[in-house]
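# Notes for the structure review
What follows is the residue order along each chain.
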Amino acid sequence: MSASAHSVIEPSATSKRVAGAIVILYAVITMIPLFWIIATSFKTPPDSIAYPPKVVFTPSIEGYCNLFTTRTRQTAEYIQSLPPATNFCDETTRKRNMVIAGQSNFLPRFVNSLIIAFGSTFCAVFLGTLTAYGFSRFKVPLADDLLFFILSTRMMPPIAVAIPIYLMYRELGLSDTALGMILLYTAVNVSLAVWLLKGFIDEIPREYEEAAMIDGYSRLQSFWKVVLPQATTGIAATAIFCLIFAWNEYAFAALLTSGTAQTAPPFIPTIIGEGGQDWPAVAAGTTIFLVPILVFTILLRKQLLRGITFGAVRK
Amino acid sequence: MTDANATLLERAAETAVRATPAPVATRVRALSDRAVAWLFIAPTMVLLLAINIFPLIWAIQLSFTNYRANRPNETVKNVGLQNYERILTDSDTWLAMQATAHFVFWTIVLQTLIGFSLAYLIDRKFRGHAFWTTVILVPMMLSPAVVGNFWRFLYEPQIGLFTYIVSFFSGIPPSEIAMLSSVKLAPWAIIIVDTWMWTPYVMLICLAGLRSIPDYIYEAAEVDRASPWRQFWSITLPMALPFIMLAVLFRGIENFKMFDMVNLLTGGGPGSTTEVASITLKREAFEKWRTGFSSAFAIILFVAVFGLANIYVKVLNKVKSR
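Each chain carries its own residue numbering, running from 1 in the direction its sequence is written. For this description, chains carry letters from A and ligands carry numbers from 1, given in the order in which they are written. Where local features are concerned, this predicted model is filtered to residues with pLDDT of at least 70; where side-chain atom pairs are given and counted, the filter is 80 or more; whole-chain, interface and lining totals use all residues. Heavy atoms from the whole structure form the basis of all side-chain values; hydrogens and water molecules are not counted.

## Topic: the interface of chain B and chain A
Inclusion rule: Contact definition: two residues touch when any of their heavy atoms are within 4.5 Å. In short, buried area is how much 1.4 Å probe accessible area vanishes from two parts on joining, totalled over both. A pair is scored as a salt bridge if a Lys or Arg side-chain nitrogen falls within 4 Å of a carboxyl oxygen belonging to Asp or Glu. Here a polar contact means two N or O atoms within 3.5 Å. Within protein one must be a hydrogen donor candidate and the other an acceptor candidate, and residues neighboring in sequence count only if both atoms are side-chain atoms. What counts as a helix is a DSSP run of H or I of at least four residues, what counts as a strand is a run of E of at least two, and both are numbered from the N terminus. Asp, Glu, Lys and Arg are counted as charged, while Ala, Val, Leu, Ile, Met, Phe, Trp, Tyr, Cys and Pro are counted as nonpolar; the rest, among them Gly, fall into the polar class.
Between chain B and chain A, the contact holds 101 residues from the first and 103 residues from the second. When the buried area of chain B at its contact with chain A is split by residue, Phe40, Met141 and Phe153 of chain B rank highest and sum to 9% of it. The interface formed by chain B and chain A holds one salt bridge in total. Between arginine 219 of chain A and aspartate 33 of chain B there is a salt bridge, with the nearest N and O atoms lying 3.0 Å from each other. Taken together, the connections running from chain B to chain A amount to ten residue pairs in polar contact (both at pLDDT 80 or more). Among the elements that line the side of chain B that touches chain A, the one with the most residues is helix 3 (residues 33-62) of chain B, at 21 residues. Tallied by class, residues from the side of chain B that touches chain A come to 72 nonpolar, 15 polar and 14 charged.

This is the structure:
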């Protein structure tokens, strides 16, 4: 596809070099905030709010300690009367005249995020695959209208959806439950799943299944044994997109959950220390939260375009 | 050979199926295609009806009342179109719409300009362009809430990195750069974060557009001795335009409903300078608990998004078919 080296349209070496330099400069600048947040997670609280901002600092895992624990202030005499500290977290906390009082809510919130993200992704991809196959292979009356309807549910502002959902969940006892959030995220993600998967399934030649059916497979068997194995890449890519959405989602989570079912995004901004936001702890939570996304971005880079345009643009 | 055989066989099988009376066909294939189709599509439709359409209908019904969700036992009065009337004549709503328009307009302008330029440069295919493209894409994959929160740290007066860098280069003392609490700067603070986060999105779509232009068109232009400038304006830009418009459409819809980032950066403040429509909606619905009123506002927003998107898609199709 690409032009050969001596083609007239191949950009010159200089223009390539200039283009490369500008793009790399942009990439580096755009990464600064991200590096900064990761760096902050390894700073001590005084280092994190130093002026001018500290680029060189002694790394510490105090932020991570503070993220996972709650602490109470104690008198020096009391701290001295305690048995010697057993680990780094204990030690640093005591240096600040505090003792660890217990576990913070971060871990349960993180687990909620995992349960809700994976649960809703499974449901959305399951339903989406079936529906996409249905639209791809059968003549469904009003197919275009139904597909547009499925897409349009995604255009609604989340807050507008949240108002009646809030009332409905209150009536059904689903407020602040993982099940309620899974249902909601499934409904939001299923539109993406249907649109993406329909594109992927459309690309699998019908002849395969038809041949299988002539060999005696039923429609369901040929779907299960012929189409699904062919669509694995598409299903995996779709699943990751759904996972990222559910993982990152904030608006619904902030409005509809408050305690037991709260996920990490609305929780992280609420981490506060003494006298304001505990930035190293917030940064630590953010870093832990972002790592899976970075991994997914690398895995997905080839399918990214398709995913973000609902399958409208394919490479 | 085998393909041809398969097609022949298939045709034979199809004729056989068509000739077979329905009940027999059903028995042969266990489930008719029609049954399978409905079995596959119905669950999704039921879910969307339950989670999206039913609540929407409920919201429409509530929008004609003075219902308040925090007082469920109070008698609900039907107020007719009063909620809608108040929203459309209320100056606060118009301020919110103005803030939204300002935000949507500038984010789209900046993201399209930067995104397209980046795509154009990446399309020069310098060494390592694939790697750097992936690096640039990272911000758009992050959670807007988390992004909003850590940019709040970068914007902190005195200690924030952004504040420090700006003051370092401009010489303005850092205590005077209050990105989030100054009426003048706050809207731009949000625009900067959104642009940082979503420029890669526009870039990626533009890149697909640029790559969709076949080489032979440029070769022909070269033969005709069209200048690079001329080639850009009469080949590159027009042929990438449908893609650019697609990116603008998606960004426009997304930013029209923007909530998470603004909520965490400024919460609508200072005063109500950055109070975009979704923030107003949240304040009305979940702080003042005017459920009926906010339902009406939600419906208006939904109709607006839907209408704008529809008009835009029509224009897009026109451009595409040109």
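## Some details on the nonpolar core
Applied cut-off: The criterion is simple. A nonpolar core is a set of buried Ala, Val, Leu, Ile, Met, Phe, Trp, Tyr and Cys residues joined through side-chain atoms within 4.5 Å. Remark: exposure states derive from per-residue accessible area (1.4 Å probe, protein chains only) relative to the maximum for the residue type, with buried under 20%, exposed over 50%, and partly exposed in between.
By size, the foremost hydrophobic cluster in this structure holds 193 residues, and its most contacted members are Phe135 and Phe252 of chain A together with Met140, Phe150 and Trp151 of chain B. Here this core takes 16 residues from helix 9 (residues 186-211) of chain B, the largest share from any one element. Sequence-distant contacts of tryptophan 151 of chain B, defined by excluding residues within four places in its chain, comprise Pro33 of chain A together with Phe162, Ile192, Val193, Trp196 and Leu265 of chain B.

## What to know about the pattern of salt bridges
On inspection of all chains with the given rule, the structure shows 14 salt bridges over all chains. Aspartate 278 of chain A is the partner of arginine 71 of chain A in a salt bridge, and the nearest nitrogen-oxygen pair spans 4.0 Å. A residue pair is termed long-range when its members are at least 10 positions apart, and arginine 71 of chain A in strand 1 (residues 69-73) and aspartate 278 of chain A in the loop between strand 4 (276-277) and helix 15 (279-300) qualify at 207 residues. Judged by relative accessible area, aspartate 278 of chain A falls into the buried class, the value being 8%. We note a salt bridge from lysine 125 of chain B to aspartate 123 of chain B, for which the minimum N-O separation is 3.9 Å. With a relative accessible area of 39%, lysine 125 of chain B lands in the partly exposed category. Exposure remark for aspartate 123 of chain B: the relative accessible area of 15% places this residue in the buried category.

## Regarding the packing of helix 7 (residues 144-155) of chain B against helix 9 of chain B
Residue and element names in this part refer to chain B. This is how the line gets drawn: Inter-axis angles, ranging from 0 to 180 degrees, are taken between N-to-C directions of lines fitted to C-alpha atoms, where helices are fitted over the stretch in contact. Any angle that is under 35 degrees is reported as roughly parallel, and any over 145 degrees as roughly antiparallel; angles of 65 to 115 degrees are reported as roughly perpendicular and all others as oblique. It is the rotation of the near helix from the far one that decides the hand of a crossing: anticlockwise by less than a right angle makes it left-handed, clockwise makes it right-handed.
Packing of helix 7 against helix 9 brings their axes to within 11 Å, and their N-to-C directions diverge by 125°. Relative to helix 9, helix 7 is oriented oblique. When you trace helix 7 past helix 9, the crossing you get is right-handed. Residue-level contacts link Pro144, Val147, Phe150, Trp151 and Tyr155 of helix 7 to Ala189, Ile192, Val193, Trp196 and Met197 of helix 9. Of the residues contributing to the contact of helix 7 with helix 9, the split by class is ten nonpolar, no polar and no charged.

## Describing the packing of helix 7 (residues 143-152) of chain A against helix 9 (residues 178-202) of chain A
Residues and elements named next belong to chain A. Where helix 7 contacts helix 9, the two axes come as close as 8 Å, and the packing angle between them is 135°. Put simply, helix 7 runs oblique to helix 9. As helix 7 runs across helix 9, the sense of the crossing is left-handed. Contacts between helix 7 and helix 9 involve Leu147, Phe148, Ile150 and Leu151 from the first element and Ser191, Val194, Trp195 and Lys198 from the second. Split by residue class, the contact of helix 7 with helix 9 holds six nonpolar, one polar and one charged.

## Some remarks on the environment of proline 59 of chain A
Looking at the secondary structure, you find proline 59 of chain A in the loop between helix 2 (45-48) and helix 3 (62-68). Here the alpha-carbon distance between proline 59 of chain A and phenylalanine 42 of chain A, two residues 17 residues apart in the chain, equals 5.2 Å.

## With respect to the packing of aromatic side chains
The cut-off we apply is this: Working definition: a ring pair exists when centres of Phe, Tyr or Trp rings (six-membered ring for Trp) sit within 6.5 Å. Plane angles under 30 degrees give stacked, over 60 give edge-to-face, the rest tilted.
Evaluated as defined, the whole model comprises 37 aromatic pairs over all chains. A centroid spacing of 5.1 Å and a plane angle of 85° characterise the contact between phenylalanine 105 of chain B and tryptophan 106 of chain B, whose relative ring orientation is edge-to-face. Using a relative accessible area of 31% as the deciding quantity, one classes tryptophan 106 of chain B as partly exposed. Consider the rings of phenylalanine 150 of chain B and tryptophan 196 of chain B, whose centres lie 6.4 Å apart with planes at 75°: the pair is edge-to-face. Taken together, the residues span a long stretch of sequence, with phenylalanine 150 of chain B in helix 7 and tryptophan 196 of chain B in helix 9 at a distance of 46 residues. The same class applies to phenylalanine 150 of chain B and to tryptophan 196 of chain B, which are both buried. Here the aromatic cluster, defined as three or more aromatic residues joined through ring pairs, consists of Phe68, Phe106, Phe110, Trp247, Phe267 and Phe289 of chain A.

## Quick notes on the domain arrangement of chain B
Residue and element names in this part refer to chain B. Note the cut-off: Where each domain starts and ends comes from a domain assignment, either automatic or drawn from a database.
Each assigned domain of chain B is listed with its residue range as follows: domain 1 (2-62) and domain 2 (91-321). Contacts between the two partners involve four residues from domain 1, matched on the other side by five residues from domain 2. Across the contact surface, domain 1 and domain 2 share zero salt bridges. Here domain 1 is connected to domain 2 by zero residue pairs in polar contact (both at pLDDT 80 or more).

## Description of the state of the cysteines
Residues and elements named next belong to chain A. Let me state the cut-off plainly: Two cysteine sulfurs form what is called a disulfide whenever their separation falls within 2.5 Å.
Applying the stated criterion to the full structure yields one disulfide over all chains. Not part of a disulfide, cysteine 123 finds its nearest cysteine sulfur in cysteine 242, a span of 11 Å. By relative accessible area, cysteine 123 is classed as partly exposed at 30%.

## Thoughts on the environment of isoleucine 100 of chain A
All names here are of chain A. The topology assignment puts isoleucine 100 in strand 2 (residues 98-103). Owing to a relative accessible area of 29%, isoleucine 100 belongs among the partly exposed residues under this scheme. Taking the C-alpha atoms as reference, isoleucine 100 lies 5.9 Å from threonine 70; in sequence the two are 30 residues apart. With residues near it in sequence (within four places) discarded, isoleucine 100 still touches Thr69, Thr70, Arg71, Cys89, Asp90 and Thr93.

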